[in-house]
Amino acid sequence: MDIDGKINRFSSCRGVAFEIKPHADLFAIVAPMEQEVSRSQRLWDRITRAVPSSLSRRSSSHFCDLDNEEESPEADALAHIEEGLEEDNKQIVMAKLPEKPKASSNKHDSSRLSVILLDQGLFTVYKRLFAVSLVINIICLVLAAVGRFSYARNHAVTFSVANILALVLCRNEAFFRVVFWLAVKILGYPVVPLRIKLGTTAVLQSVGGIHSGCGISSIVWLIYALILTLRDRANTSPEIIAVASTILALLCLSCLAAFPLVRHLHHNVFERTHRFAGWTSLVLVWIFICLTTAYDSTLKSYRTDIGSELAKRQEFWFVIGITILISLPWLTVRRVPVKIYSPSGHASVITFQGGVGAGILGRISPSPLSEWHAFGIISDNKKEHVILAGAVGDFTKSLVSNPPSHLWVRQLHFAGLPYLTNMYSRVLHVATGSGICPFLSFQLQPSRADICVLWVAKNMEQNFGKEIMEWMSRRPEKNILHDTALLGRPNVPQMSVETAKRFGAEIVIVTSNPEGTRDVVNACWAAGIPAFGPIWDS
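Residues numbered from 1 in each chain as written. Predicted model: local features only at pLDDT ≥ 70, side-chain atom pairs only at ≥ 80, totals over all residues. Heavy atoms only, no water.

**Details of the pairing of strand β11 (residues 426-432)**
Logical step 1: For β11, a buried count of seven out of seven residues is recorded, marking the element as mostly surrounded by other parts of the structure.
Logical step 2: Burial along β11 is two-sided: Arg426, Leu428, Val430 and Thr432 and Val427, His429 and Ala431, pointing in opposite directions, are all buried.
Logical step 3: In this region the chain leaves β11, passes through helix α16 (residues 437-444) and returns to the parallel neighbour strand β12 (residues 450-457); the handedness of that crossover is right-handed.
Logical step 4: Sheet analysis places β11 next to strand β14 (residues 507-511), joined by five bridges and oriented parallel. Residue Leu428 lies in a different strand from β14, and its bridge partner there is Val508. (Buried < 20%, exposed > 50% of the residue type's maximum accessible area, 1.4 Å probe, protein only. Helix = DSSP H or I, 4+ residues; strand = E, 2+ residues; numbered from the N terminus. Right-handed = clockwise from strand over helix to strand, strands pointing away. Pairing = 2+ DSSP bridges.)

Encoded structure:
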């Protein structure tokens, strides 16, 4: 369906504009004043909706905000997708709603925090997956404790390690690159029911629920195993108990660091704790398995010829799998030359060698052991690919003020929510600010889906440069650009719904800040239009 003429398009700019410093809510998608509803009513609305609301993964300053002028200390965390997969921050972000009075940066930040901590439905797909994985483990544990599941009682450590394998698998970029590819290849045909496609999309963006559920379950099983060991202290060694206790402490530390409040306010602490506590735990698990295999409870000593015994233990093979999955992304880390220029002081355009497919995201770092930042990749899948990095934190600001000649990258790129575009026939991409980045590759590469783009940003030409605007101008009949500097703040949720209806979209994919993503997704579902956006732990 041709929507040209039905919706006004504006392209005063020649680039992708995203505001970077936190300011009042110039571009924020905020619920209109007259539509104020109590929190309990909003919660009930979400509970009664068949499909959960989707949220963005970060709070604090967002490079997809439409209006930012002050800097937030947490801004850098928004540009990073957590090691496990977060990601945590794929430059997939959005805007907020219309006609809202300007608010202070503190109120702005607390608003985002409330989205992450409070303003979520009780029955989101993420929480369902979390509950299912945790409940299955608890049921098995209870049966083991009452003597109805003797295998689990005798192999409690195996269950703990199996959960660790599952949680690592749910965050492995190589594994899910294959899963996303298979999903598009198998389900990307018109004959496949839309319900199946939507269910697959919801699960793939919410696997963090399994990751979290298995993380807690691994701790519970290890506690149970440690209790059984202490009851039979005479047949074990102090070293085994000490190593098991240390592993338990490190797993608990990782879980506490991943708590949403800590993760939001101290993201670097979360990332480094998760990484180094995880690596240390893996080494200790290897030591634990070797010690338990080598210990002879009759002689009260350790054997050295344990090779054949190790091969018979399930935990041994599980830990081999864990080690491979954790090591694989790091084996692709390279320091590569880059070209960086800044269309404005708000962002930097980073060019790398090598083409990349549409819907793919990548990680870059100034120091591979300290921090990683994930961004949407722009590429025609030929000789080069580009990352547009909003200057929202220390690292991304340094790219503007003091651009380096080299950066660390992971050559193993990973698939994000936009990658699933080709699983559908007609798709509406809604982006605010630099949230346009993950969608730009679809403008440069052939796509199975018929795509319409609604992009809302401020001072597009000034902030994003000519090249990106030239890309957006290649499909003028399908690209709707709204420059808020000229046209004022729109009601983005309403615009999204109206555009989706006129275009006949099967699905809306949103990239905005937490509040913006929530509001657009909720508005679309309320209008009967499936919509997804990045959630805080997708």
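**Considerations on the side chain of Ser348**
Logical step 1: Turning to its location among the elements, Ser348 is positioned in strand β5 (residues 347-353).
Logical step 2: Leaving out residues up to four positions away in the same chain, Ser348 has contacts with Ile340, Tyr341, Ser342, Ile387, Leu388, Ala389, Leu399 and Val400. (Contact = heavy atoms within 4.5 Å.)

**A closer look at the packing of helix α9 (residues 208-231) against helix α10 (residues 238-257)**
Logical step 1: Remark: α9 packs on α10, axes separated minimally by 10 Å, with the N-to-C direction vectors making an angle of 155 degrees. Considering the angle they form, α9 stands roughly antiparallel to α10. The element α9 and its partner α10 pack so that their crossing is left-handed. Here α9 contributes Gly215, Ile216, Ser218, Ile219, Leu222, Ile223, Leu226, Thr229 and Leu230 to the contact with α10, which in turn contributes Ile241, Ala244, Ser245, Ile247, Leu248, Leu251, Cys252 and Cys255. (Axes fitted to C-alpha atoms, helices over the stretch in contact; angles between N-to-C directions. Parallel < 35°, antiparallel > 145°, perpendicular 65-115°, else oblique. Left-handed = near helix turned anticlockwise from the far one by under 90°.)

**Observations concerning the sheet that holds strand β15 (residues 531-532)**
Logical step 1: Spatially, the five strands line up as an open sheet ordered β13-β12-β11-β14-β15, and their pairing is parallel. Every interior strand has two partners, whereas the edge strands, β13 (479-483) and β15, have only one.

**Topic: helix α20 (residues 492-503)**
Logical step 1: The end-to-end C-alpha distance of α20 is 16 Å, a good match for the 16 Å that 12 residues give at a rise of 1.5 Å each.
Logical step 2: For α20, the full list of buried residues reads Val492, Pro493, Met495, Ser496, Val497, Thr499, Ala500 and Phe503.
Logical step 3: Between a side-chain oxygen at the N-terminus of α20 and the backbone nitrogen of Gln494 the separation is 3.1 Å; the capping residue is Asn491.
Logical step 4: Positive backbone phi, approximately 75 degrees, marks Gly504, located one or two places after α20. (Expected span 1.5 Å × (residues − 1). Polar contact = N/O pair within 3.5 Å; in protein donor to acceptor, adjacent residues only side chain to side chain.)

**A few points about the packing of aromatic side chains**
Logical step 1: On inspection of all chains with the given rule, the structure shows 13 aromatic pairs.
Logical step 2: Ring geometry for Trp286 versus Phe316: centroids 5.7 Å apart, planes at 80 degrees, classification edge-to-face. Separated by 30 residues along the polypeptide, Trp286 in helix α12 (residues 267-294) and Phe316 in helix α14 (residues 314-331) bring together distant segments of the chain.
Logical step 3: With relative accessibility at 24%, the residue Trp286 sits in the partly exposed group.
Logical step 4: On the basis of relative accessible area, Phe316 is assigned to the buried category, the value being 15%.
Logical step 5: With centroids separated by 5.1 Å and ring planes inclined at 80 degrees, the aromatic side chains of Phe316 and Trp317 adopt a geometry described as edge-to-face.
Logical step 6: Here a set of aromatic residues connected by ring pairs shows up, and it is made of Phe149, Tyr151, Phe159, Trp221 and Tyr224.
Logical step 7: In this structure, Arg410 is placed above the aromatic ring of Trp372, and the distance from its NZ or CZ to the ring centre is 4.8 Å.
Logical step 8: The ring of Phe503 is capped by Arg426, whose NZ or CZ atom sits 4.1 Å from the centre of that ring. (Phe/Tyr/Trp six-rings, centres within 6.5 Å; stacked < 30°, edge-to-face > 60°. Lys NZ or Arg CZ within 6 Å of the ring centre and 35° of its normal.)

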